[in-house]
Amino acid sequence: MAAQVVVTAPAVGTTKPVVDATMPVVDATLPILSTRGLDKSFGSLVVASGIDFALPQGVRYALIGPNGAGKTTLINLMTGMLRPDAGQIFLGEHEITSLRPAERVKRGLVRTFQINTLFPHLSALEAVTLAVCERRGDAGTWWRRLPAYRDAVDEAYGILSSLNLGHDCYRLTRELAYGQQRLLEIALALATRPKVLLLDEPAAGVPRDESPALFAAISGLSQDITVLFIEHDMGIVFRFASRIIVMVGGRVLVEGTPEEIAADARVREVYLGQKRHG
Amino acid sequence: MTAATPTAGAGPHSYLQEQIRWRWVEIAFWLATLTPFLLFPSYLQLASQIAITALFALSLDLILGYAGIVSLGHAAFFGLGAYAAGIVSKYGWGEPLSLLVIAAAVAGLAGYAMSFIIARFRHLALIMITLGLGLLVHEAANSASWLTGGADGLQGVKIWPLLETFKFDLYGRTAYAYSLVALFLAFLVARRLIHSPFGLSLRGIRENPVRMPAIGAPSRAHIRKIYTISAAMAGVAGALLAESTSTVSLEVLSFQRSADVLVILILGGAGRLYGGILGAIIYMVARDQFSGVNPQYWYFWIGLLLVAVVMFLPNGVLGGLAKLSASWRRKSS
């Protein structure tokens, strides 16, 4: 693991994130999430090949790359929804490669979904309360009424309010506006108290002029939470990411600060013709 | 009963309180269950059968309506409970209340064992597996005739008077009072359960089994637990039937019974607690009436009823009523 730390750690101190400059340099010696030699293929289609990377704690990472580059696959591998053919995944110093998805969530590795994966007939408040109760270990209790868990309900309501959903949290999920459902995706993840939050295109399907507001909510999250997000809008990426990973064809092409990525010739080549930034 | 009332303002706590409040219709409904004693004294036997079937349907509602687990073999637990009560009474212990406990334990244990398989599957696979398990138990009881009496039915079931006082009479007075109290108590347990954090998790599994592990929920453990509780409840229903009729035949384990209870629940409306009870009333009264008119072809009418309900009331009779009252409320406000 030491070899990887050398790759990523020195850059952290010199990073100048646009949004936030309070990077916890102390913890940068140990990555919060790292992978070593991850391979995955579906038949002859290679979707992940030799993926090594390490996320220092508290960063806002963007994972970018053309369609089919393997970004969502990488999230599926890290969260345990797919099993890698080879390689290892570490959360902090613990290997989690063989843990089930729910066990990884319990340890603080949490994701959201590109396509809304919500509870249509639960109200937003019920859904987030459910996630809070699961985290606190109250979800197996069947002889006490839900309203008796006042602090769990308060916590759920607090999360929803912090994402501007406080007013509409009594509505059924399916009745919420699409943008609110995207926020509820994040609210559910936050209720698990993640250490690392993997956001799979959090603004997917949200009108272009509304996505900065959504990302403002994301960048306002506690610095204790390390965030990796997939996003196609380069304007958003360069505004909100402190570091960027570029994937192409199941491989990590390059990893660095926004300035380094913007100046990288290989990245320009990949994005030739689709570049929206600068 | 889980219909959202998007009336904000009062805060999250009162919103959740409102969700689980006793409605006046509920109280009226339970008071109405007492009317057979006064108005239809000659139908008490039928009423007790309805209460027992309603309890069976309620047990299915817990897994199907709340956790989304389909079962075409739920009679296995009903029958296990019936045989447990019948066999124990045959060998000399006929105290009704303790027989219910024994039946619940036997059926619950069987349910717990099966739940390890159940929790791994969904949808079509689950239908096939529960169907197979149901047939398996049925044939096992058939071949173990030394214990169950096989196709001739269990002989020598002897139930003591309830609380050493009330005999199970010919008119069904004791049977109905007994089954109704049992149904009501089981209903209270079910109602508390679905309004608990565990009940919320079950609804989460029904609504989106993919998301549950992503919020760290042990879905399989939840499914194992509710399946065990549901099986125990079905076993109690079976024991009630054995006690109130003093007979146990292979029919208690039949596929027909599994299918009937599923029809009853869908008819009434799954996932609403009262759906199974209402479905049992409609189905069994209809069967009683139709079979009086034409004993051979009454299933024709049941079939017609079922097609009509699924076509026009996809969420059952209760679903239709809820929709009606919602639109009425919107109009009046």
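Parameters and conventions
Residues numbered from 1 in each chain as written. Chains lettered and ligands numbered in written order. Predicted model: local features only at pLDDT ≥ 70, side-chain atom pairs only at ≥ 80, totals over all residues. Helix = DSSP H or I, 4+ residues; strand = E, 2+ residues; numbered from the N terminus. Buried ≥ 20, exposed ≤ 12 C-beta atoms within 10 Å, placed from the backbone. Pairing = 2+ DSSP bridges. Axes fitted to C-alpha atoms, helices over the stretch in contact; angles between N-to-C directions. Contact = placed C-beta atoms within 7 Å. Nonpolar A, V, L, I, M, F, W, Y, C, P; charged D, E, K, R; others polar. Expected span 1.5 Å × (residues − 1). pLDDT = per-residue confidence, 0-100. Core = buried A, V, L, I, M, F, W, Y, C linked by C-beta atoms within 7 Å. Domains from an automatic or database assignment. Parallel < 35°, antiparallel > 145°, perpendicular 65-115°, else oblique. Left-handed = near helix turned anticlockwise from the far one by under 90°.

K.L.:
What should I look at first to understand the overall build of chain A in this one?
P.N.:
Of regular secondary structure, chain A possesses ten helices and ten strands. For chain A, buried positions account for 47% of its 278 residues.

K.L.:
Mind showing me how you'd approach the sheet that holds strand β7 (residues 196-199) of chain A here?
P.N.:
Within a sheet, neighbouring strands are paired by backbone hydrogen bonds and run either parallel or antiparallel to one another. Residue and element names in this part refer to chain A. One open sheet holds the six strands; their spatial order is β6-β7-β8-β3-β9-β10, and the pairing between them is mixed. Sheet topology places β6 (109-111) and β10 (251-256) at the edges, where each strand pairs with a single neighbour. On average, each strand axis in the sheet is inclined to that of its neighbour by 20°, with strand direction left out of account. The pairing of strand β3 (residues 60-64) with strand β8 (residues 226-230) spans four bridges and is classified as parallel. Bridge pairing links Arg 60 to Val 227 in β8. Packed onto the sheet, helix α2 (residues 71-79) meets β3, β6, β7, β8 and β9 (243-248) and runs at close to 140° relative to β6.

K.L.:
What is the right way to read the pairing of β3(A) from this model?
P.N.:
Residue and element names in this part refer to chain A. Across the five residues that make up β3, a large majority, five, are buried. The side-chain alternation of β3 yields two buried faces, one formed by Arg 60, Ala 62 and Ile 64 and the other by Tyr 61 and Leu 63. Note that β3 and β9 share four bridges and pair parallel. Paired with Ile 64 across the bridge in β9 is Val 246.

K.L.:
Explain the interface of chain A and chain B here, please?
P.N.:
It is common to give the size of an interface as the accessible area that goes away when the parts come together. With 41 residues of chain A at the contact, the number on the chain B side is 31 residues. Listing elements by their share of the side of chain A that touches chain B, those giving two or more residues are α3 (101-106), α4 (124-136) and α5 (150-162) of chain A. Of the residues contributing to the side of chain A that touches chain B, the split by class is 23 nonpolar, eight polar and ten charged.

K.L.:
Any chance you could explain helix α16 (residues 316-332) of chain B here in plain terms?
P.N.:
Side chains of residues three or four places apart in an α-helix project in the same direction, reflecting 3.6 residues per turn. Residue and element names in this part refer to chain B. Given a rise of 1.5 Å per residue, 17 residues ought to cover 24 Å, and the 25 Å separating the end C-alpha atoms of α16 matches this to within 8%. Residues of α16 that are buried include every one of Gly 316, Val 317 and Leu 318, and no others. Where α16 is buried, its residues meet α13 (255-268), α14 (275-293) and α15 (298-312).

K.L.:
Before we go on, may I ask you to explain the confidence of the model for chain A in this structure?
P.N.:
For residues with low pLDDT, the predicted coordinates do not support detailed interpretation. Residue and element names in this part refer to chain A. Averaged over all residues, the pLDDT of chain A equals 84, while 87% of them reach at least 70. Within chain A, helix α1 (residues 2-14) has the poorest average pLDDT of any element, 38, and α4 the best, 95. When the criterion is pLDDT under 50, residues 1-27 qualifies, and its contacts beyond four places in sequence or with other chains add up to 43 contacts.

K.L.:
When you look at the nonpolar core in this model, what are you seeing that I'm missing?
P.N.:
Nonpolar side chains tend toward joint burial in soluble globular proteins. Core analysis: the biggest nonpolar cluster contains 183 residues, and Val128(A), Leu160(A), Ala187(A), Leu55(B), Ala103(B) and Val236(B) have the highest contact counts within it. A per-element tally of this core places helix α4 (residues 44-66) of chain B first, with 15 residues. In contact with Ala187(A), not counting residues within four places along its chain, are Val128(A), Ile159(A), Leu160(A), Leu163(A) and Leu165(A).

K.L.:
Would you mind showing me how to read the domain arrangement of chain A here?
P.N.:
Taken as a whole, chain A is organised into domain 1 (1-108 + 195-278) and domain 2 (116-193). Facing the nine residues of domain 1 of chain A at the interface are eight residues of domain 2 of chain A.

K.L.:
Just to check I follow, could you spell out the confidence of the model for chain B for this structure?
P.N.:
Residues and elements named next belong to chain B. Here chain B averages 89 in pLDDT, while 97% of its residues score no lower than 70. Segment residues 1-8 is flagged for pLDDT under 50; beyond a separation of four residues in sequence, or across chains, it makes 14 contacts in the model. With a pTM of 0.88, the predicted complex shows an ipTM of 0.86.

K.L.:
I tried to follow the environment of Gly156(B) on my own but got confused; where do I start?
P.N.:
Residue placement: Gly156(B) occurs in the loop between α8 (145-148) and α9 (173-194). Linking Gly156(B) and Pro218(B), residues 62 residues apart in sequence, is a C-alpha distance of 45 Å.

K.L.:
For this particular structure, what's the right way to read the pairing of strand β4 (residues 86-91) of chain A?
P.N.:
The side chains of a regular strand alternate between the sheet's two faces. All names here are of chain A. Where strand β1 (residues 33-42) lies against β4, five bridges are found, and the strand directions are antiparallel. From the neighbouring strand, Thr 35 faces β4, where its bridge partner is Ile 89. Sheet topology note: the β4/strand β5 (residues 94-95) ladder contains two bridges and is antiparallel. Across the sheet, residue Leu 91 finds its bridge partner in β5, namely His 94. Adjacent in sequence and paired antiparallel, β4 and β5 are bridged by two residues, among which Gly 92 carries a positive phi angle near 65°.

K.L.:
What is the right way to look at the packing of α9(B) against helix α12 (residues 219-245) of chain B in this model?
P.N.:
A pair of packed helices can be characterised by two numbers: the angle between their axes and the separation between those axes. Residues and elements named next belong to chain B. Across the interface, α9 lies against α12 with an axial gap of 10 Å and an inter-helix angle of 175°. The angle between the axes of α9 and α12 places the two elements in the roughly antiparallel class. Contact residues: α9 offers Ala 175, Tyr 178, Ser 179, Ala 182 and Ala 186, while α12 offers Met 233, Val 236, Leu 240 and Ser 244. In the contact of α9 with α12, the residues fall into seven nonpolar, two polar and no charged.

K.L.:
Just checking my understanding: could you explain the packing of α4(A) against helix α6 (residues 178-190) of chain A for this structure?
P.N.:
All names here are of chain A. Look at α4 against α6: their axes get within 8 Å of each other, and the N-to-C directions meet at 25°. Of the possible angle classes, the one that applies to α4 and α6 is roughly parallel. The handedness of the crossing between α4 and α6 is right-handed. Of the residues in α6, those touching α4 at Ala 124, Ala 127, Val 128 and Ala 131 are Leu 184, Ala 187 and Leu 188. Counted by class, the contact of α4 with α6 contains seven nonpolar, no polar and no charged residues.

K.L.:
Would you explain the sheet that holds strand β2 (residues 45-55) of chain A in this entry?
P.N.:
Residue and element names in this part refer to chain A. Taking strand neighbours across the sheet as the criterion, the four strands line up as β2-β1-β4-β5 in an open arrangement whose pairing is antiparallel. Single-partner strands in this sheet number two, and they are β2 and β5. With respect to the sheet, α2 is in contact with β1, β2 and β4, its orientation differing from that of β2 by roughly 65°.

K.L.:
Is there a simple way to explain unusual backbone geometry in this structure?
P.N.:
Residues and elements named next belong to chain B. Positive phi, close to 50°, is recorded for His 123, a residue that is not glycine. Using a count of 10 C-beta atoms within 10 Å as the deciding quantity, one classes His 123 as exposed. Despite not being glycine, Ser 246 shows a phi value in the positive range, around 55°. Within the fold, Ser 246 resides in the loop between α12 and α13. You can call Ser 246 partly exposed: it has 15 C-beta atoms within 10 Å.

K.L.:
I tried to follow helix α5 (residues 75-90) of chain B on my own but got confused; where do I start?
P.N.:
Residues and elements named next belong to chain B. Its 16 residues place the ends of α5 22 Å apart at the C-alpha level, agreeing with the 22 Å of an ideal helix rising 1.5 Å per residue. Along α5, 15 of the 16 residues are buried, which leaves the element largely enclosed by surrounding structure. Just past α5, the residue Gly 92 takes up positive phi, approximately 115°.

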